[in-house]
Amino acid sequence: MSWTIVVGVKQVPDADEVGIDPDTGRLDRASAPAVMNGPDREALEAAFRIRDQVGGEVIAMSMGPPNAKTVLKEAVAMGCDDAVLISDRAFGGSDTWPTSLTLARAAEALEADVVICGEETTDSSTGQVPPGIAAHNGWAQLTYAEAVDARPEEDRLAARRDVEGGHELVAADLPVVVAAAYGEFDPRPAPLHRKIYGENDFEPTVWDAEDLEIKDEVGLEVSPTSVGGMETVDPVERKGEVVDEIDDLADSIEEVVA
Amino acid sequence: MSDDDEFENGVVDVEEYDDVWVFVEEHDGEVMSVSWELLDEAERLADELGDDLVALAIGEDLDDVAEEALERGADRVLVADDPVFEPYRADPYGEQFRAMVEKRKPSIVLIGGTHTGRDFAGRVAVPAHAGLTADVTELGVDDDGLLEARRPAFGGDVLATILCEEHRPQMATIRPGVFEAAEPDGDADGEIVEADVVVEEDDAISEVLEREVGDTADITEAERIVAVGHGIDGDLEPARKLADALDAEIAASRAAVDEGWVDGARQVGQTGKTVRPELYVAVGISGAVQHLEGMNKSETVVAINNDPNAPIFEHADHGIVADLVDACPELAERFDEAAEPQEVVQ
């Protein structure tokens, strides 16, 4: 028994390093260094835990520009067995519909038993891609997964899901797409030999839209949504009074709750 | 050679689609408050568009839910009532919802941005090739009758308007708490329509083995909130004392939820809920823009933080730089006395 576990990772601007453009006063994302989306590190850890349980391979996939291969090298350094970069100018302007189609086709081509993604990305934070992958392939899904438990004898994966006001344990047939709940899978330290291999010698396989036979089904043209405009949000005006004595603070609160 | 004939990019004749749908999320007969919030907001959109307002419920034994949806303003309620839908699972829900959308062609579909809503929305939008916007906080209609779904972007500094021009339906998940639900008017005029159930248990690809739902507190309705952040360092007790004294609900920033100190249902901010209490006390919350965005509808904001440079002080009406462990109980004492002078505690 061994499973193929495919992990979706994305290169995003480092949220901690995003500065303000002095001319426009807007966030300047272009100048921020590109890093692996934080929640994807936890998706990798979830994948390694399944591999520990049933054996098999963990393969990282990323859709992005050629330089996104750095996050794949990092994924291999963290313990992935292999990695694929899905890169093509044709993907430009894709919203979550073609993005999840592309990753769904890649997961199919990799013969995935399990696909794991982070709960959402820090740059667009829709959380729509994992269910989108499952929907495109007609696969089962386990989102907001806080713990995973492989059940190879049943060809199922079980997960503890965080649901409104509680938890549930759900078992899903393979192949299944998992979205790992953020904060639940602490990434393990990378073994040194993997780190050296991933950072120095490893080069990911590269696929384009043609390889996945989706050249006419991606990009701006097939994206149902478009951005109609952006406006800066004016901060809410607050008094900003800071007092020294608890009693003064209590007086202010008293006025509100009285 | 072009493949255009085979693949039309999912573009449809938008004229064929009308009505505004709201998904009524219920678990064990209990409706999530975001559904009623949406029904109220959607009534405004439907009026503006001259469309019908349709509530859609999926589950088991939905008579009461359907009736309440009519009382709360729906012109019609579509009901898919079957044991296969209880408890919730993404695959039966998604397939049923999708079948209803494909048959009845709604123009707009609004779904509460709960874990459940965010879980299955894609299983409708993907096969329907619909436009789906996540975590919307403002809704409008433009001059052409298109839905304007506004959502915070870049961590909340910018509000992006997302349109879906040539695909239908125009779908969105809406953050809980951003709209206020009106009271039902008791007038239950309208029609309850039983939809064909297209899902069978044998086709299900998932199974709920256990379900424990406990903390169903709804912070979006709270008048007073004491919210904790990373600064409490795992010690919830001082904040809880203050919350008890103020008769407030406990809420949290994402940092405190990720640490496991507070349940995710109580998270305020971009990936949590929007709250609008008369009093919001931020305890050990630094004031990241993603958090501010969920609490800036509060009437009065009070900040307690030991870091004088914490951005929260600029976004608060009243603040104090103090150690939380001392300040919270001290404050609590004042209100214990004030609120219940005659009560003997312990």
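From a predicted model like this one, the values you see are computed outputs, not experimental measurements.

Q: Whenever I open this one, the domain arrangement of chain B confuses me. Can you help?
A: Size of an interface, as often reported, equals the accessible area lost when the parts are brought together. Residue and element names in this part refer to chain B. Domain annotation of chain B identifies domain 1 (14–203) and domain 2 (219–339). One C-alpha centre belongs to domain 1, the other to domain 2, and the line joining them spans 32 Å. Facing 14 residues of domain 1, the contacting portion of domain 2 comprises 13 residues. Note on domain 1 versus domain 2: buried area summed over both sides is about 1100 Å², and carbon and sulfur give 40% of it. Counting the contacts that link domain 1 with domain 2 gives two salt bridges. Applying the counting criterion to the domain 1 and domain 2 interface returns five residue pairs in polar contact (both at pLDDT 80 or more).

Q: Mind showing me how you'd approach helix H6 (residues 246–257) of chain A here?
A: Residues spaced three or four apart along an α-helix point in a common direction, a consequence of the helix completing one turn every 3.6 residues. Residue and element names in this part refer to chain A. If you check H6, its first and last C-alpha atoms are 16 Å apart, about what 12 residues at 1.5 Å a residue would give, namely 16 Å. Among all positions of H6, only Ile246, Leu249, Ala250, Ser252, Ile253, Val256 and Val257 are buried. One side of H6 carries all its buried residues, which in axial view fall inside an arc of 160°.

Q: What should I look at first to understand the pattern of salt bridges in this one?
A: Note that side chains of opposite charge can pair when their charged atoms are close. A complete count under the given rule lists 42 salt bridges over all chains for this structure. Between A:Lys195 and A:Glu199 there is a salt bridge; the shortest N-O distance is 3.1 Å. Placement of both A:Lys195 and A:Glu199 in helix H5 (residues 192–201) is noted, with a separation of four residues, approximately one turn of the helix. Among the ionic pairs, B:Arg254 bridges to B:Asp258, the shortest N-O distance being 3.3 Å. With B:Arg254 and B:Asp258 both in helix H6 (residues 254–258) and four residues apart, the pair spans about one turn of that helix. By relative accessible area, which is 22% here, B:Arg254 ends up partly exposed.

Q: How should I be thinking about a negative patch on the surface in this particular structure?
A: All names here are of chain B. Side chains of Asp233, Asp235, Glu237, Asp244, Asp247, Glu259, Asp323, Asp326, Glu330, Glu333 and Asp336 sit close together on the surface and give a patch of like negative charge. Elements supplying a minimum of two residues to the negative patch: helix H5 (237–246) and helix H8 (324–339). Tallying contributions element by element places H8 first for the negative patch, with four residues. By secondary structure assignment, the location of Asp323 is in the loop between strand E18 (318–321) and H8. The partly exposed category is assigned to Asp323, whose relative accessible area is 38%.

Reading the values: rules and limits
- Residues numbered from 1 in each chain as written.
- Chains lettered and ligands numbered in written order.
- Predicted model: local features only at pLDDT ≥ 70, side-chain atom pairs only at ≥ 80, totals over all residues.
- Heavy atoms only, no water.
- Domains from an automatic or database assignment.
- Contact = heavy atoms within 4.5 Å.
- Buried area = accessible area lost by both parts, 1.4 Å probe.
- Salt bridge = Lys/Arg side-chain N within 4 Å of Asp/Glu carboxyl O.
- Polar contact = N/O pair within 3.5 Å; in protein donor to acceptor, adjacent residues only side chain to side chain.
- Helix = DSSP H or I, 4+ residues; strand = E, 2+ residues; numbered from the N terminus.
- Expected span 1.5 Å × (residues − 1).
- Buried < 20%, exposed > 50% of the residue type's maximum accessible area, 1.4 Å probe, protein only.
- Arc of directions from axis to C-beta.
- Patch = residues over 30% accessible without salt bridge, like charges linked within 9 Å, V, L, I, M, F, W, Y side chains within 5 Å.
- Areas by Shrake-Rupley, 256 points an atom, 1.4 Å probe, with all protein chains shown as cover.
- Lys, Arg positive; Asp, Glu negative; His and termini not counted.
- Charge placed at Lys NZ, Arg CZ, Asp CG, Glu CD.

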